[in-house]
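For reference, the chains in residue letters:
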Amino acid sequence: MLHNPTSAATSARLDAEEADVQPSSRPILEVRGYRPRASDRHLLALLCEHQVLTTGQLVRLAGIPERTVQHRLGVLYGAGLVSRHRPQAAVGTSPYHLWLTAFGAEAIGTGPPEPWNEDLGGVRTVAALSELWLDLADHGREVGLTLMGWRRLPDGLSYVDPRTGADRRLGADAELSARHGGTYVRALLFARIDRIPRNRLGPVVTRWSAYLAAAASATSPHVPIVAVVLTRTERQRMRVLEAALGVAGATERVAVAAVEPSAGALARDAVWRTAADHHVRRLADVLAHLAEAVR
């Protein structure tokens, strides 16, 4: 069973007017003359765990009033502890997407964060992971999909190649388990596929397919495991599906959705496709179909 690493965080309710905690002894905070609050540390810890989050996602996860979150994020941004980016939107305005700076990571005693300033196109797909998780937790049952477990995989998955015995790493970003009716399914989520050159997509999808087949055999043949992929645009989604068509087993194990124009549609709307199916379907229906195909 997967665990929910933010259950304690989401259940915590911090008072918007809580007293300041003792200032950190870390030089960066002293130099900037910044006195952190408990809520600030909470927001920084959430960004550390999820890498990129929108303002709205931080409100949902932290359990702090929206005005307080917006104010404290402004303070953290001014202190250089977080970076932010507002992606372009076809309609309306996108929310800010935020992540830790090296100073912010140092402030909470964690290792150097990923330099998202160098991959602004990727912030949307990574933030979409959390949007998918939160929406499944809140509304999945409305479409017949019950979220059973979720965890982020900041370092991917390490495994031994069954053919060569070499140590390998699978660049998965998260893992979920869910139930659709009487069907239980596990899925690995990939949100950084847009970084991969088009001519390398085939080998990457081949590795996914080999890992998923081996993982299913090693755990339980009664629990199908599939790949769920988030791309930024429809064009990039079609490239992944094209690559999956050329890989044995991938058509039965890989589902792809584009996060543009709305990441909020991922959990409930018909925005998912597989290489073997020209129709877009809801995630619940796609997972049930894939689970049946790989049994």
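Residues numbered from 1 in each chain as written. Predicted model: local features only at pLDDT ≥ 70, side-chain atom pairs only at ≥ 80, totals over all residues. Heavy atoms only, no water.

J.: Tell me about the environment of Val 91, and please be specific about residues and values.
T.: Mapped onto the secondary structure, Val 91 falls in the loop between strand S2 (82-85) and strand S3 (97-100). Taking C-alpha positions, Val 91 is 8.5 Å from Pro 261, a pair spaced 170 residues apart along the chain. (Helix = DSSP H or I, 4+ residues; strand = E, 2+ residues; numbered from the N terminus.)

J.: Can you lay out the pattern of salt bridges for me, pointing to particular residues and giving the numbers?
T.: For the structure on display, the rule yields 16 salt bridges. The salt bridge involving Arg 192 is made with Asp 173; its shortest N-O contact spans 2.7 Å. Of this pair, Arg 192 sits in the loop between strand S8 (183-190) and helix H8 (201-218) while Asp 173 sits in the loop between strand S6 (167-170) and strand S7 (174-180), and the two are 19 residues apart along the sequence. The pair formed by Arg 192 and Asp 173 is uniform in burial state, with each residue classed as buried. Here the salt bridges share partners, and the residues they tie into one network are Glu 114, Asp 119, Asp 173, Arg 192 and Arg 195. (Salt bridge = Lys/Arg side-chain N within 4 Å of Asp/Glu carboxyl O. Buried < 20%, exposed > 50% of the residue type's maximum accessible area, 1.4 Å probe, protein only.)

J.: Pulling in residues and values, what's your account of the pairing of S7?
T.: Counting buried residues in S7 gives five out of seven residues, a clear majority hidden from the surface. Looking at chain direction, strand S4 (residues 145-152) and S7 are connected through seven bridges and run antiparallel. Across the sheet, Arg 152 pairs through a bridge with Ala 174, a residue of S7. Both S7 and S8 contribute to a ladder of seven bridges, which runs antiparallel. (Pairing = 2+ DSSP bridges.)

J.: Lay out the sheet that holds S4 in plain terms, naming residues and giving numbers.
T.: Read across the open sheet, the seven strands follow the order S4-S7-S8-S9-S10-S11-S12; overall the sheet is mixed. Of all strands in the sheet, those with a lone pairing partner are S4 and strand S12 (277-281), marking the two edges. Averaged over all neighbouring strand pairs, the angle between strand axes comes to 25°, with direction disregarded. Along the sheet, helix H9 (residues 234-245) contacts strand S9 (225-231), strand S10 (254-258), strand S11 (272-274) and S12; its crossing angle with S10, the most-contacted strand, is approximately 170°. (Axes fitted to C-alpha atoms, helices over the stretch in contact; angles between N-to-C directions. Contact = heavy atoms within 4.5 Å.)

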